[in-house]
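Single-letter residue listing:
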Amino acid sequence: MEEFIGAWTARHGKSRDRLLPLLHAIQEEAGYVDDAIVPAIAQALNLSRADVHGVITFYHDFRRAAPGRHVVKLCRAESCQARGGAAIEEAAARRLGVPMGETRVDGQLSLEPVYCLGLCAIGPNALVDGRPVARVDAAALERIAAEVAA
Amino acid sequence: MTRVFISRDMASIALGADDVARAFVQAGCEVVRTGSRGLFSIEPLVEVETDEGRIGYGPVGPQDVAAVLDGTHGARLGRVDDLPFFAGQQRFTFARCGVIDPLSLADYAAHGGWRGLEKARGQSPQMVVDAVKASGLRGRGGAGFPTGIKWQTVLDASAATKFIVCNADEGDSGTFADRMLMEGDPFCLIEGMAIAAHAVGAGHGYIYIRSEYPFSIAAMRAAIDASAHIVAPFTLEVREGAGAYVCGEETALLDSIEGKRGQVRAKPPLPALQGLFGQPTVINNVLSLAAVPFILAEGAEAYAAVGFGRSRGTMPVQLAGNVKHGGLYEIGFGITLGELVNGIGGGTASGRPVRAVQVGGPLGAYFPPGMFHLPFDYEAFAQAGGLIGHAGITVFDDSVDMAHMARFAMEFCAAESCGKCTPCRIGSTRGVEIMDRIIAARVPAQSGAGGQIAPSRNGVLEKALYSRAPDRIDVSVEAQTRLLRDLADTMKYGSLCALGGFTPYPVLSALDHFPEDFGAPAPIKEAAE
């Protein structure tokens, strides 16, 4: 990972404002930002480890542990709630076999909350491995379950 | 070869537009991917170019290709512009959205693009600022601060380096106008930012886009590359957010660009004087900046000619939630809430009666149908105890439990608080606890058990959820409601920014307009209806 960080900073610079783009790049590469590489990040951008830790833990996007092989994000915001989002959330947790906000024990998938995807007239909405899915109902849940079983 | 137009807006793709587009390509059509027209009940929408204009069909699936191409498909809509949903709009900002290929410079120029920038560059910076002032444009992000005055402050500040920052951290549920514009007409935003740069003397700009909008990020990056030679020497870059709602607050957003935790700064100093990296900074919402090309090209008078009171110009209203015809409806200020929800939106999607609408996202007030006479106007909404915000309207039918929505508002604030000020950080958590007590206390009353502890619940929790001294707390609904109002007052006046300061809006409006959900008697006017 140190090599990756070195190559990245050589290309994009090492000023402080590069921290978020670097964290995004690391997460894109490794799936999460391991606590073990915090010192390398701090060193690369000339920041304290506490500073980097503070930024990683502030933002919901940055994971500190590996996610499941598939990631299903389900919107919990008001507009999706108005369209039955809470019931779908329960059904999804049951059907996919993992509580909201957790990774299934077999590591196959993570079910994560998201607060608004901007598809507010066609909810409840989900992101399945980055692909947007609207009007999630029981049938759509079955399709998602089949997709993430692979 | 037949030309067909299919949206590649994230919402259209979520409804299956990619599969439809693939099917038309396989059928030998030339497929132009556009932004979304903005009416989601007809998506995926396919428009076929004919001698009579672009004829729309929707919703259609990949199996409908043949029927669409021979014109026999049952979902034939005719010319999309003539549909009532579109005919009644005043599309100033969204004129091109859904019509053109978003990344075609030729399309953009052919539809009036860059005329505003050309005009601006022929004028002095002060003249451009004066035009924006004269248009009456106010911040579309929610605060409604006059855009021209903000620009004047930055123009008057003397500094070698100034920045233009576009706030595209559209985190409010029920809003998607920024996303639609960035995906459907990204050059419009770039042109608005280039005009702002000329007006205040800025050399570099940032567009801060939330990570939940991957399609917008890709569209803006591609558009920036394609138009770099036109806006030069002004340069632009996209910064991706990381899932923090509070970064929609302008000073938290600036800290986030600087690579820090997205914590709110105390004001003053204003960002206009000491903003990004301590330099004078124009920070505006996507819709404010995207309104500027029209104002410069068509004249400030043309923009100010529509509107209501001190709210001039148009607002891209977003109809969302449980609504039949949801989508984007750009119209001059002054249209009533009822016209929007019932007239244009067609009531609920579920077919049940509308019980409440939340206007302005998670920090906006809930209004009952009894207040649907309210005109869409900054001042009118403020007077009614609410806000327009980013003009998202989320519709709820009669199955909604308003106490749960009030609890959710507090829960959301607790999850998203940046932690800098105490009323927001601690108050939101205490608010969730109070709402839990109210929700727990109202159940026996409703079931006629006379306030007895229900056997299914833990006795201590019932007495005073979360309290270390449960016996000393009055857990009656009346006492907890008083406490909730007191807490809301502290949050409203004691918080540093709108997150903690406005969370009381949904909570108190739910309590005031729907007291029956909080274990109190229903208001008389509702009983009479």
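Residues numbered from 1 in each chain as written. Chains lettered and ligands numbered in written order. Predicted model: local features only at pLDDT ≥ 70, side-chain atom pairs only at ≥ 80, totals over all residues. Heavy atoms only, no water.

1. Quick look at the domain arrangement of chain B
All names here are of chain B.
Okay, step 1: Here the domain parsing of chain B yields domain 1 (3-87), domain 2 (105-304), domain 3 (307-397) and domain 4 (402-528).
Okay, step 2: Of the residues lining the interface, 15 residues belong to domain 3; the matching set on domain 4 comes to 16 residues.
Okay, step 3: For the pair domain 3 and domain 4, the summed buried area comes to about 1300 Å², and 71% of that belongs to carbon and sulfur atoms.
Okay, step 4: In this assembly, domain 3 and domain 4 are joined by 2 salt bridges.
Okay, step 5: We note a salt bridge from D517 to R355, for which the minimum N-O separation is 3.0 Å.
Okay, step 6: In this assembly, domain 3 and domain 4 are joined by 3 residue pairs in polar contact (both at pLDDT 80 or more).
Okay, step 7: For the side of domain 3 that touches domain 4, the elements supplying multiple residues, two or more each, are β14 (354-359) and β15 (366-367).
Okay, step 8: Looking at side-chain class alone, the side of domain 3 that touches domain 4 contains 10 nonpolar, 4 polar and 1 charged residues. (Domains from an automatic or database assignment. Contact = heavy atoms within 4.5 Å. Buried area = accessible area lost by both parts, 1.4 Å probe. Salt bridge = Lys/Arg side-chain N within 4 Å of Asp/Glu carboxyl O. Polar contact = N/O pair within 3.5 Å; in protein donor to acceptor, adjacent residues only side chain to side chain. Helix = DSSP H or I, 4+ residues; strand = E, 2+ residues; numbered from the N terminus. Nonpolar A, V, L, I, M, F, W, Y, C, P; charged D, E, K, R; others polar.)

2. A short note on the interface of chain A and chain B
Okay, step 1: Tallying the contact residues gives 36 residues for chain A and 60 residues for chain B.
Okay, step 2: Ranking the residues of chain A by area buried against chain B places F58(A), E78(A) and Y115(A) at the top, with a combined share of 19%.
Okay, step 3: At the boundary of chain A with chain B, the tally comes to 3 salt bridges.
Okay, step 4: With a closest N to O distance of 2.5 Å, R239(B) and D17(A) form a salt bridge.
Okay, step 5: The tally of links from chain A across to chain B stands at 23 residue pairs in polar contact (both at pLDDT 80 or more).
Okay, step 6: Among the secondary structure elements, those contributing two or more residues to the side of chain A that touches chain B are α2 (19-30), α4 (49-58), α5 (78-81) and β5 (131-133) of chain A.
Okay, step 7: Looking at the side of chain A that touches chain B residue by residue, the class counts come to 21 nonpolar, 7 polar and 8 charged.

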